[in-house]
Amino acid sequence: MNNEQYLEVYRHSLSHILAKAVIEIFGAENVQYAIGPQISDGFYYDFLLPRTITEDDFPAIENKMREILKRREDWKRDEVSKEEALELFKGQKYKTEIIEELEDGETISIYHTGDDFVDLCRGPHVNNSQELMGAAFKIRQASGAYWRGDEKRDMLQRIYVYAFPNQQELKAHLAFIKEALERDHKKIGTQLDLFMFSDTAPGMPYWLPRGWKLYNALMKFSRDLQDRHGYQEISAPLINYKKLWVISGHWAHYQNNMFLVPGTDWTPNADDMMAAKPMNCPNAMMTYKRTNHSYKELPIRYSEMDVIHRKEKSGQMNGLFRVQEFRQDDDHTFVSEDLIESEVADIISIADTIYSAFGLTYRAELSTRPDDFMGDIEVWNKAESILKEILNKRYGEGNYEINEGDGAFYGPKIDLQIRDALGREWQCGTIQLDFQLPHNFELTYTDKDGSMKEPIVIHRALYGSFERFIGIIIEHLKGRFPFWLNPYQVAIVPIRTEHNDYAKEIEEALTDAGIRVEADYQDKHMNEKLKFFRNMMDPYVLVVGDKERENRTVSVTVRGVKTQLHDVPLDRFIEICKKQNKERNLELISEI
RNA sequence: GCUGAUGUAGCUCAGUCGGUAGAGCACUUCAUUGGUAAUGAAGAGGUUCAUGAGUUCGAUUCUCAUCAUCAGCUCCA
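Residues numbered from 1 in each chain as written. Chains lettered and ligands numbered in written order. Predicted model: local features only at pLDDT ≥ 70, side-chain atom pairs only at ≥ 80, totals over all residues. Heavy atoms only, no water.

Student: I would appreciate a short explanation of the pairing of strand β3 (residues 42–48) in the present structure.
Tutor: Walk down a regular strand and you will see the side chains alternate between the two sheet faces. Taken across its seven residues, β3 has six buried, putting it largely inside the fold. Note: strand β1 (residues 32–33) against β3, two bridges, orientation antiparallel. Within β3, the residue paired with Y33 across the bridge is F47. Here strand β2 (residues 38–39) runs beside β3; their pairing, made up of two bridges, is antiparallel. Residue pairing in the sheet places Q38 in a bridge with F43 of β3. As judged from the six bridges shared by β3 and strand β8 (residues 155–164), these two strands associate in the antiparallel manner. Following the sheet pairing, D46 is matched in β8 by R158. (Buried < 20%, exposed > 50% of the residue type's maximum accessible area, 1.4 Å probe, protein only. Helix = DSSP H or I, 4+ residues; strand = E, 2+ residues; numbered from the N terminus. Pairing = 2+ DSSP bridges.)

Here's what the structure looks like:
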């Protein structure tokens, strides 16, 4: 049995033990037990219980589980008919629902654990509880979860349990969780003074001086790349009259997520009602539509970094990961069908450049035509096959996932899932074909033969949103940003105030070279100044005193390196900085 | 929106079994002229413990509501 099967059997079996323990604690007549699948770090089980489980209940449940294991009960598999199963699980509404959905005549497998507990299950399981005694488990938390993941149905109590084959692996996992907590972007964001929130504007970050420098560096990176790839940046209104949203379809389908701005008479639904844009697309369509276009102009790439607003239900916000006001590195590229392939390939090459600059890897997913698709099925088929071809070329056949029927109603899409230092995946990049909006806005171009054609729009974002992406890289890099990105790139510590003049000279020279630099000219101990800059994780901290001033050198403390570099010529240091800004290296140069 | 928890000085947190709050860091002043992660001493800082009601002689501490945040669920960039 390999490790994966082992985990499956053990976690699966342990979830039955959890259910049995909960039933013994609360009494069989008081517990409705639903399902208990395994997950990446253990398993959970959903229950309907007479009262809420709290952390104080965990030890009792864990102890009961251990007590049950010690009984060394045999596990017995049985096969029963649908009727027998319904009888066996009489009074258990969730089990009954599951059984009723099975085909008539299907044999149903059930597992007995000892004489007094039975659960519906495909298995496989251990033969005797004894086999589970070496396994390590720990209740993680209890929380609410909807039956069948449907918010209109019962809210059950889900008990999450970490489960591993042995104590060492459990310990290692708990250490991993702790590490993730230390990397929490909300925590590091406060420490590094990057951003804050106010309850007067939930989910709308304030970017503080340091954070805004980083944000700008990130925008610059994107703009530099896009310039090289023939993009033209535009900026458009943040609020538009209802009229625009009616054309785009947002008024009908997205109104609940839009911040509305009442007109003069405050009448809901009045024509002078405005709405803050939740997406940039409609205004990009308007921009295209302002004039006639020839096939010779295509592709037209309108990139856009405006702020957008999306109203979220309470409880959906989460630091920078989920906000109500954010900025996308958005673009709408207008193409003819024959340009899709080269254009998408180019976008993927930009994605490679961006993600590798942060040391992030990613994988691609293709989502294809859904049942409620709009447009011409021939165009869909063609587009999908083009996208597949690109993905095959770039990643190799079978090296990307295909989500059949998961595309948007307006076109197929490629999503890029990035993977961070802790192995967590995030959906950031997305490349979507759209046959619908150009149609709604009646966009055209004149083709070679003089006929009017409808362009296809490629929507794409690679950071996704700057806010979410910054959150991800804070956690991925633990706040240790590469040189080109850090809010301040160099900090200067004059040892005594008499060294301030030389320090100012250095500051000016670095600033001239396009380096973001900060210095502390106060009359206080150098250690105090050092401490601040190091806490802020500035990549290089320069210490200057008599010796440096005399020789026109600097002493460099490299972030993350214990020993200092002395007698570094100032000019040499500036060159190193310029080089790193230009090349956007991920790692700091620590040998100068 | 749902389940649960949390909300005390700029930050991290302690505390009051109901009698008008405390520590460390940060901040200010003075002394220290200092060579690589916390020099010493003194001081200030909370419209009084998210907001609003209620119970009480009295509430930061109890009850309810609201807001915000966090962990899940659902939905999403």
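Student: Please explain helix α18 (residues 570–583) as it appears in this structure.
Tutor: An α-helical turn contains 3.6 residues, so any two residues separated by three or four positions project in the same direction. Taking 1.5 Å of rise per residue, 14 residues should cover 20 Å, and α18 covers 20 Å from first to last C-alpha, within 8% of that figure. Taken together, the buried positions of α18 are occupied by L570, F573, I574, I576, C577 and Q580. Seen along its axis, α18 keeps its buried residues to an arc of 155°; they face one direction. More than 90 degrees from the buried face of α18, the exposed residues found are D571 and K582. Residues of α18 that are buried make contact with β25 (490–494), α15 (500–512), β27 (540–544), β28 (553–558) and β29 (565–569). Directly after α18, the chain includes R584, whose backbone phi takes a positive value near 50°. (Expected span 1.5 Å × (residues − 1). Arc of directions from axis to C-beta. Contact = heavy atoms within 4.5 Å.)

Student: Looking at this structure, I do not really get the pairing of strand β18 (residues 361–367). What am I missing?
Tutor: Burial within β18 is extensive, with five of its seven residues counted as buried. The sheet contact formed by β18 and strand β20 (residues 413–419) spans seven bridges and is antiparallel. Each residue of the ladder has a partner; that of L366, found in β20, is I414. In terms of strand pairing, β18 meets strand β19 (residues 401–403) through three bridges, oriented parallel. The residue of β19 that forms the bridge with E365 is E401. Handedness of the crossover joining β18 and β19 through helix α12 (residues 377–395) is recorded here as right-handed. (Right-handed = clockwise from strand over helix to strand, strands pointing away.)

Student: Mind showing me how you'd approach the sheet that holds strand β12 (residues 239–241) here?
Tutor: In a beta sheet, neighbouring strands pair by backbone hydrogen bonds and run either parallel or antiparallel. Read from one edge of the open sheet, three strands run β12-β14-β13, paired in antiparallel fashion. Looking at which strands have only one partner, the edges of the open sheet turn out to be β12 and β13 (260–261). Sheet topology places β12 next to strand β14 (residues 274–276); three bridges connect them, and they run antiparallel. Paired with N240 across the two strands is A275, which belongs to β14.

Student: What's the story with the protein's contact with RNA strand B in this structure? I'm lost.
Tutor: Surrounding RNA strand B, one finds 51 residues, the nearest of these being Y146, S314, R496, H525 and E548. A breakdown of the atoms of RNA strand B within 4 Å of the protein gives sugar and phosphate a share of 47%. Within the side chain of R468, one N or O atom sits 3.0 Å away from a base oxygen of RNA strand B. One of the backbone nitrogen or oxygen atoms of K547 is found 3.4 Å away from a base oxygen of RNA strand B. Elements that contribute at least two residues to the surface near RNA strand B include exactly β7 (136–146), β8, β17 (325–335), α16 (526–535), α17 (546–551) and β28. Here the surface near RNA strand B gets six residues from one element, more than from any other, and that element is α16. Taken together, the residues of the surface near RNA strand B sort by class into 12 nonpolar, 23 polar and 16 charged. (Near = heavy atom within 4 Å. Polar contact = N/O pair within 3.5 Å; in protein donor to acceptor, adjacent residues only side chain to side chain. Nonpolar A, V, L, I, M, F, W, Y, C, P; charged D, E, K, R; others polar.)

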